[in-house]
Structure formats: C-alpha cells, structure tokens
Amino acid sequence: EINTGTDASRTVTPDTFAGSNFGIRYVAVPCFAPGTDCTTGDGKAFFHVPAGLNGMNLISVHAAVYTAGTTGTMDIQVRNITQTADMLSTKITIDTTEAGSDTAATPAVIDAANDDVATNDRIAVDVDAVHTTAAKGLVVTLGFSLP
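Calculation rules
- Throughout this document, residue positions are counted from 1 along each chain, in the order its sequence is written.
- Local features are withheld for residues below a pLDDT of 70 in this predicted model, meaning they are given only at 70 or higher, and side-chain atom pairs are given and counted only at 80 or more; totals for whole chains, interfaces and linings count all residues.
- With hydrogens and water set aside, each side-chain value is computed from the structure's full complement of heavy atoms.
- A helix here means a DSSP run of H or I that spans at least four residues, while a strand means a run of E at least two residues long, and both kinds are numbered starting from the N terminus.
- Contacts between residues were defined by any pair of non-hydrogen atoms, one from each residue, lying within 4.5 Å.
- Exposure was quantified through the Shrake-Rupley algorithm and a 1.4 Å probe, taking into account, for residues, occlusion by the shown protein chains and nothing else.
- Positive residues here are Lys and Arg, negative ones are Asp and Glu, while His and the chain termini are left out of the count.
- A charged residue contributes its charge at one atom only: NZ of Lys, CZ of Arg, CG of Asp or CD of Glu.
- By convention a nonpolar core is built from buried Ala, Val, Leu, Ile, Met, Phe, Trp, Tyr and Cys residues, the set being connected through side-chain atoms within 4.5 Å.
- Exposure categories follow from relative accessible area, calculated using a 1.4 Å probe and restricted to protein chains: below 20% of the type maximum is buried, above 50% is exposed, and the middle band is partly exposed.
- Candidates for patches are residues over 30% relative accessible area with no salt bridge; among them, like charges are joined within 9 Å and nonpolar side chains (Val, Leu, Ile, Met, Phe, Trp, Tyr) within 5 Å.
- Definition used for salt bridges: Asp or Glu carboxyl oxygen within 4 Å of a side-chain nitrogen of Lys or Arg.

A. Looking closely at the overall build of the protein. On a plain count of helices and strands, the protein comes out with one helix and 10 strands. Considered along the principal axes of its C-alpha atoms, the protein spans approximately 55 × 35 × 25 Å. Contacts in the protein between residues far apart in sequence, at least 24 positions, make up 76% of those at least 6 positions apart. Surface summary for the protein: the accessible area is close to 7,600 Å², and the carbon and sulfur share equals 54%. Taken together, the 7 basic and 16 acidic charged side chains of the protein have centroids lying 7 Å from each other.

B. A look at the nonpolar core. Counting residues in hydrophobic clusters, the biggest one holds 30 residues, and the most contacted among them are Phe47, Met74, Ile76, Leu138, Val140, Leu142 and Phe144. For this core, the elements supplying multiple residues, two or more each, are strand S1 (25-37), strand S2 (41-48), strand S3 (57-64), strand S4 (74-80), strand S7 (92-94), strand S9 (122-129) and strand S10 (136-145). The residues contacting Leu142, other than those within four sequence positions of it, are Arg25, Tyr26, Val27, Val29, Phe47, Leu58, Ser60, Val61, Val78 and Ile123.

C. Structural view of the environment of Leu53. By the secondary structure assignment, Leu53 is in the loop between S2 and S3. Here the alpha-carbon distance between Leu53 and Thr119, two residues 66 residues apart in the chain, equals 6.9 Å. Not counting residues within four places of it along the chain, the set of residues in contact with Leu53 comprises Arg25, Val27, Phe47, Val117 and Phe144.

D. Here's a closer look at unusual backbone geometry. In this model, Thr84 sits at a positive phi of 45°, which is unusual for a non-glycine residue. Residue position: Thr84 is located in the loop between S4 and strand S5 (85-86). If you check the backbone angles, Thr97 has positive phi at about 65° while not being a glycine. For Thr97, the position within the fold is in the loop between S7 and strand S8 (109-110).

E. Focus on a nonpolar patch on the surface. A grouping of Val12, Phe17 and Phe22 is seen on the molecular surface, where their side chains present a nonpolar patch of about 300 Å² in accessible area. Residue position: Phe22 is located in the loop between helix H1 (14-18) and S1. Judged by relative accessible area, Phe22 falls into the exposed class, the value being 53%.

Here it is in structure tokens:
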C-alpha cells in the first residue's frame, strides 16, 4: 500500500517505509560520455559511498548506453574496491542492438555475501567485455536500501 499511495487512513511504520520504493536510494555512475566508444578495463568509473548509504545493501543494478553496440554482449561488473569483492555473481549484460540491461537474456545477479556497503567504501564499475562494434556512452545505476 505504501508504494501505491491510495489509502489515506493507514499508519506507516519505519520498517515498512524502509522496505518500500521510498526507502531505495539510487546512484547513477557515468562511465563513458554519449559519443565515446565503450572499452574494456577495470575502474572505468567509481564513486565514494557517503554516510547516507552506510549499512545499506545493493538491491538493483542497471546499465544503459547512448548508442547500442552490435555483435556479442557488453559485460559489466560492480566491484567494492575497499572490500576487494565483486558485488555481482552474474555480471550486468547488454545484448547486441540493445540500449539497456533490462532486456538482457541473462539478468544480473547480486551476490548476497558481498552486497553491503559502508561509509567511505569505493565502488568501481569494471567493463569486462564490449560488443564487436562498441556501444557509445554508458551509465550504470545502482539501487541501495536497508537490509
């Protein structure tokens, strides 16, 4: 009910609020500018975890490109540099001719053993594979919420 917002008579508990859509915090990590070919490599972009995300878990991942690549997939890993751990057990993939990972044949899977973040952690985006004709531009969006 908290996500639909149609009932004016209920009380919302902090736990219910934290577990709702309103308890999710998103971070968009730009990796390549819109006209730039995507290339492989570790640490194509990173961000610093602020105190407001302390103790939260990674709960969603999405990648989008400005111009779709062709032939093969783009494979993307999210890595906690501070904890020296990959946060995904199955990488984000963007399939050939697709602009986003939401339609990937193989969806990304978050590693529950490595999904937590703490203040001052550094989170990197690694590009492990690109299309034969590289996509242009890349932004990775990460969603965090309390466990």
